[in-house]
Amino acid sequence: MPQKLSAQRTGKRQKKREDRKTAHSGMAQKKENSQERRRQKEQKTIVANGAIEISLPPVSSVGEFARKLSLPVTAIISELLKNGVVAAINESIDFDTMAIIAGDLGFIVKLDESEESLLIAAEKDERSMLEKLLSEDKKSDSQPRPPIISVMGHVDHGKTSLLDALRETNVAAGEAGGITQHIGAYQVDWKGRKITFLDTPGHAAFTVMRARGAKATDIAILVVAANDGVKPQTIEAIHHARDAKIPIVVAINKVDLPEADINKVKSELSEHDLIPEEWGGKTVMAEVSAKQKKGVENLLDLVLLTSDMEDLRANPDRLAVGTVIEADLDSKLGPVATVLINTGTLRRGDPVVVGAACGRVRLMIAPNGKQIKEASPSTPVRISGLDLVPAAGEILTVKTSEKEAKFLATKVRQHREARSMEQKKIGLAKLSAKIAKGDVAVLKIIVKADVDGSLQAIKQCLSDIKSEKAAVQIIHSGIGQVNESDVMMAAAAEAVVITFHLGVNNDVKKLALREGVEIKQYDVIYHLTEDIEKTLSGMLQNEVIEEILGELKVKAIFMTSAKAMIVGGDVKSGKFTKDTVVRVYRDGEIIGEGKTDSVQEGKVPCDSVEEGHECGLHFIGKVRIQEKDRLLSIRVTVRKQEL
Ligand code: GDP
């Protein structure tokens, strides 16, 4: 609900805005310069040999592209069509496509290397984008920031229990208030300092973020159960931390258990180069019981000590940069995202861009459930106000205006659309190329069944359908009704969804209709396999059979119109027949093809004219037949391929 600000608050806000303006005036100036350069570049249409040089962005809408070329949109759309690209005015096309079209139209094309181009390039590599943004912080402007910790380890070794125990330390410190929310991260106050913990379940989110190249944590706590020792996921976690070049603090958990064997754990860890300090190594290790909440305080001390050696700093006086660690669609707030602030300070009302999403920060909620107005470096905060749900690992940046944020997000969105269109095109093209080459055609299927027994039986039957020319590929299978994500997956993979002994809910049906996904329902396995076989035979390339019926040598041309001719000649072999394809040869080369709908011997129309006789024919086609050309009368039949 928009509210009026009191005069005093408005004044304060104005001052804040001005302060921030001054702090970022360097950046704003740079931006203005680059925008100015861009404008100049756009205007600089050099005329060389009559051709106009134009710089184009990595991606653009068809409409924008037409505007840049000063041509009507319809002209561009039809040029695109000629090149096999079907795109409407608001659809996105990539640089390569634009370059081909503009090149055909006589323009000399260059890639525009302005700010949004760099942003698009950064799309490919979030880590380098984050590193670049963070490298703008000068040490003189920076201040120490809290460490960000992730807890990793084998399943059931006590990660969740430890995160709960650590969180409770905070409660004991009197930080409670509001309703504690699980927003994917929380902060603990320990000895007057803050420590941020990522409490994303398991390390799935951590892996996702790493896969996207973002470095979200400073220190890893490796939980190893004292009764179980080093396990496969322990080793995986060690590799993750090493790849991310972050220090590891070991928490040997469950020391309360009688079967706990701390020395065994330490020696197993040593085999992976994690050697405890008391054995002459460098790895700090804490013995804890998450269940009994013992040793947790010592662990916090060790974390702070490790963090001090890392010299973690950030500049709170700049426009914020953050990493999304979780995001979803809230029924009341719309898209919400938990963002970990990497540097700068995020404020309510800030215009932000996160990948293809943008907006103004509307609500900011701290992990303790309280609303806040500012979030400083290393603070996790849940924000609303974005127009789309971003993905974990995406980088949030604050812009000087909402317009700029919207502009950049649109560019990213267009880029992604163009990329997915490109991928679709490649997928389809590959498939048709394979079929054309006589390679295997593949029918992709998603199978949903009521019980596991039926599912296994269906999978078996489908895998038995084999032929040299077609194959079934089950891309996903599961128990239970078809849901939205099955349909979306089918749409993306161009697959068919088949269900067994299941109804399909109306919303899903509607979505399938919208996405052009076919859902086939069955109650008898035999019907299912029969149908799939039929579908496959439909997918198979039909065999085209040509039969040469006769040959004619052209002696005279009687009539020529735009699309037809009347020609006469001698039938040299076989018989020249009406309603056949006519192939035209000149000096041994094929010069084109048409058809004939009537032939006559002398002046008498007939079905065919035999060898040794003179034949007149009505030829339909654009090829211009000349005297002495050789014509073949060919019957073409199509034979449907069966499995
Ligand atoms: P995660 O899978 O690593 O998150 O492990 P959890 O935190 O879910 O713990 C797995 C099981 O170990 C649960 O039954 C916990 O109660 C138990 N557990 C966790 N920490 C301790 C501990 O310090 N001592 C004992 N005895 N049990 C623990």
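Owing to the predicted nature of the structure, the values given are computational and were not obtained by experimental measurement. (Residues numbered from 1 in each chain as written. Predicted model: local features only at pLDDT ≥ 70, side-chain atom pairs only at ≥ 80, totals over all residues. Heavy atoms only, no water.)

Moving on, we come to the overall build of the chain. In terms of helices and strands, the chain carries 17 helices and 34 strands. For the chain, contacts bridging at least 24 residues in sequence account for 71% of all contacts bridging at least 6. Summed over all atoms, the accessible surface of the chain reaches about 33500 Å², with 52% contributed by carbon and sulfur. (Helix = DSSP H or I, 4+ residues; strand = E, 2+ residues; numbered from the N terminus. Contact = heavy atoms within 4.5 Å. Areas by Shrake-Rupley, 256 points an atom, 1.4 Å probe, with all protein chains shown as cover.)

So, on to the site of the ligand. Surveying the vicinity of the ligand reveals 15 residues, the closest of which are Asp-156, Lys-159, Thr-160, Ser-161 and Asp-256. Here Thr-160 contributes a side-chain N or O atom positioned 2.5 Å from an oxygen atom of the ligand. At 3.4 Å, a side-chain N or O of Ser-289 approaches an oxygen atom of the ligand. With the chains in place, 74% of the 570 Å² that the ligand exposes on its own is no longer accessible. Residues that form the shell around the ligand fall into these classes: three nonpolar, seven polar and five charged. (Near = heavy atom within 4 Å. Polar contact = N/O pair within 3.5 Å; in protein donor to acceptor, adjacent residues only side chain to side chain. Nonpolar A, V, L, I, M, F, W, Y, C, P; charged D, E, K, R; others polar.)

It is worth spelling out the sheet that holds strand 11 (residues 248–253) at this point. Strands sit in the order 8-9-7-10-11-12 across an open sheet of six strands; the sheet is mixed. Either end of the sheet is taken by a strand with one partner, and the two such strands are strand 8 (185–190) and strand 12 (285–287). Direction aside, the axes of adjacent strands within the sheet are offset by 30 degrees on average. Relative to strand 9 (residues 193–198), strand 7 (residues 148–153) runs parallel, the two being bridged by three bridges. Bridge pairing in strand 9 links Ser-150 to Leu-198. Sheet strands in contact with helix 12 (residues 296–310) are strand 7, strand 8, strand 9, strand 10 (219–225), strand 11 and strand 12, and its direction is about 100 degrees off that of strand 9. (Pairing = 2+ DSSP bridges. Axes fitted to C-alpha atoms, helices over the stretch in contact; angles between N-to-C directions.)

When pLDDT is averaged across the chain, the result is 79; 78% of the residues are at 70 or more. Note on residues 1–32: pLDDT is under 50 here. Beyond four places in sequence and across chains, it has 18 contacts. (pLDDT = per-residue confidence, 0-100.)

Further remarks concern the pattern of salt bridges. Applying the stated rule across the entire model yields 24 salt bridges. With its nearest N and O atoms 3.1 Å apart, the salt bridge here joins Lys-411 to Glu-64. With Lys-411 in helix 13 (residues 402–436) and Glu-64 in helix 3 (residues 62–69), the pair connects residues that are 347 residues apart, well separated along the chain. Under the relative-accessibility criterion, Lys-411 is labelled buried at 4%. Each of Lys-266, Glu-278 and Glu-287 takes part in a single network of salt bridges with overlapping partners. (Salt bridge = Lys/Arg side-chain N within 4 Å of Asp/Glu carboxyl O. Buried < 20%, exposed > 50% of the residue type's maximum accessible area, 1.4 Å probe, protein only.)

On to the nonpolar core. Core analysis: the largest hydrophobic core is formed by 26 residues, its most contacted members being Leu-162, Leu-166, Ile-195, Phe-197, Ile-221 and Leu-299. For this core, the elements supplying multiple residues, two or more each, are strand 7, helix 8 (159–172), strand 8, strand 9, strand 10, strand 11 and helix 12. Examining the composition of this core, we find that six residues originate from one element, helix 12, more than from any other. Contact partners of Phe-197, with chain neighbours within four places excluded, come to Ile-149, Val-151, Leu-163, Leu-166, Gly-184, Ala-185, Tyr-186, Val-188, Ile-221 and Leu-300. Membership of the second largest hydrophobic core comes to 18 residues, among which are Val-250, Ile-252, Val-265 and Leu-274. (Core = buried A, V, L, I, M, F, W, Y, C linked by side-chain atoms within 4.5 Å.)

For the rest of this paragraph, the subject is the packing of helix 3 against helix 4 (residues 73–82). One can describe the packing of helix 3 onto helix 4 by two numbers: an axis separation of 9 Å at closest approach and a directional angle of 110 degrees. By the criterion of interaxial angle, the relationship of helix 3 to helix 4 is roughly perpendicular. In the packing of helix 3 onto helix 4, the handedness of the crossing is right-handed. Contact residues: Val-62, Gly-63, Phe-65, Ala-66 and Leu-69 in helix 3; Val-73, Ile-76, Ile-77 and Leu-80 in helix 4. Its residues assigned to classes, the contact of helix 3 with helix 4 comprises eight nonpolar, one polar and no charged. (Parallel < 35°, antiparallel > 145°, perpendicular 65-115°, else oblique. Left-handed = near helix turned anticlockwise from the far one by under 90°.)

Note: strand 28 (residues 564–577) against strand 33 (residues 614–620), seven bridges, orientation antiparallel. Within the sheet, the bridge partner assigned to Met-565 lies in strand 33 and is Phe-619.

With that settled, consider the pairing of strand 22 (residues 395–398). The alternating pattern of strand 22 places Ile-395 and Thr-397 and Leu-396 and Val-398 on opposite faces, both of which are buried. With three bridges connecting them, strand 14 (residues 321–330) and strand 22 associate as antiparallel partners. Residue Gly-322 lies in a different strand from strand 22, and its bridge partner there is Leu-396. Two strands pair when backbone bridges link them, and strand 17 (residues 351–354) and strand 22 are joined in this way by three bridges, in the antiparallel orientation. Considered in strand 22, the bridge of Val-353 is made with Thr-397.

Residue placement: Glu-53 occurs in strand 2 (residues 51–56). The spacing of Glu-53 and Phe-107 is 54 residues in sequence and 5.8 Å in space, taken between C-alpha atoms. A polar contact of 3.4 Å, which involves the side chain of Glu-53, links it to the side chain of Lys-110.

Let us now look at the packing of aromatic side chains. The relation between two aromatic rings is expressed through the spacing of the ring centres and the mutual angle of the planes. Considering all chains together, one arrives at one aromatic pair under this definition. Positioned over the ring face of Tyr-585 is Arg-630, at 5.0 Å from the centre of the ring. (Phe/Tyr/Trp six-rings, centres within 6.5 Å; stacked < 30°, edge-to-face > 60°. Lys NZ or Arg CZ within 6 Å of the ring centre and 35° of its normal.)

Residues other than glycine seldom take positive phi values, yet Lys-191 does so here, at roughly 50 degrees. Among the secondary structure elements, Lys-191 is positioned in the loop between strand 8 and strand 9. At Lys-293, a position not held by glycine, the phi torsion is positive, near 55 degrees. With respect to the helices and strands, the residue Lys-293 is situated in the loop between strand 12 and helix 12. The class of Lys-293 is partly exposed, set by a relative accessible area of 42%.

The set of residues buried in helix 16 (residues 506–515) consists of Val-508, Leu-511 and Ala-512. For helix 16, the angular spread of buried residues about the axis comes to 100 degrees, placing them on one side. Within helix 16, the exposed residues directed more than 90 degrees away from the buried face are Asn-506, Lys-510, Leu-513 and Arg-514. Capping the start of helix 16, Asn-505 holds a side-chain oxygen 2.8 Å from the backbone nitrogen of Asp-507, two or three residues further along. Among the residues trailing helix 16, Gly-516 stands out with phi positive, at a value near 70 degrees. (Arc of directions from axis to C-beta.)

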